[in-house]
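# Structural overview for review
What follows is the residue order along each chain.
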Amino acid sequence: MTLRQINGATKMESTTTAILYTTPTNHTTYVASLVASSTSSSARTITIDWIDVSESTTIAYKLCNEHSLSSKSFKIFYFKNTLEENDILRATVSSTEIMDITLSLEESYINR
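Below you will find a few notes about this structure.

On to the environment of E66. For E66, the location among the structural elements is in strand β5 (residues 59-69). Here E66 falls in the exposed class, since its relative accessible area comes to 55%. Taking the C-alpha atoms as reference points, E66 and I101, 35 residues apart in sequence, are found 15 Å from one another. Not counting chain neighbours up to four residues away, the residues in contact with E66 comprise T45, I46 and T47.

Given below as structure tokens:
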């Protein structure tokens, strides 16, 4: 099994739900942490979902629901979840121009 560490970031510039990460085929991914940083002068909320596509029916799980961040603050989330191939991590924020999101992941290749 090959292990690769990944760090990524995205700017949440609209209230549209954004896909943060999709686990590649033949991989599992350990979500070590996610940092949400409010760049707004007002309090905002963030919702983070894990989309489990490994079941016969796709299921969305809320990892955090409308978590409030005060002005110019940040929150580190330690989910410690393992995503299976094609699972999705996504986020929705309450307003535009407000949040930077940074992910720290460990991706493992599954030799089949």
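Let's pick the thread back up.
Right, let's talk about the nonpolar core for a bit. Judged by nonpolar contacts, the single largest core of 23 residues is most densely connected at L34, I46, I48, F77, L89 and M99. Those elements that place two or more of their residues in this core are β1 (2-12), β2 (18-22), β3 (27-38), β4 (44-52), β5, β8 (88-93) and β9 (99-109). It is β9 that contributes the most residues to this core, four residues altogether.

Criteria and cut-off values
All residue numbers refer to position in the chain's written sequence, counted from 1. With the structure being a predicted model, the display of local features is reserved for residues of pLDDT at least 70 and the display and counting of side-chain atom pairs for 80 or more, all residues being used for whole-chain, interface and lining totals. To get the side-chain values, all heavy atoms of the structure are used, and hydrogens and water are removed first. Secondary structure is summarised from DSSP: a helix means a run of H or I of at least four residues, a strand means a run of E of at least two, and numbering begins at the N terminus for each. Classification of residues uses two cut-offs on accessible area relative to the type maximum, computed with a 1.4 Å probe and protein chains only: under 20% is buried, over 50% is exposed, and between them is partly exposed. We call two residues contacting when some pair of their heavy atoms lies within 4.5 Å. Buried Ala, Val, Leu, Ile, Met, Phe, Trp, Tyr and Cys residues that are joined via side-chain atoms within 4.5 Å together make up what is termed a nonpolar core.

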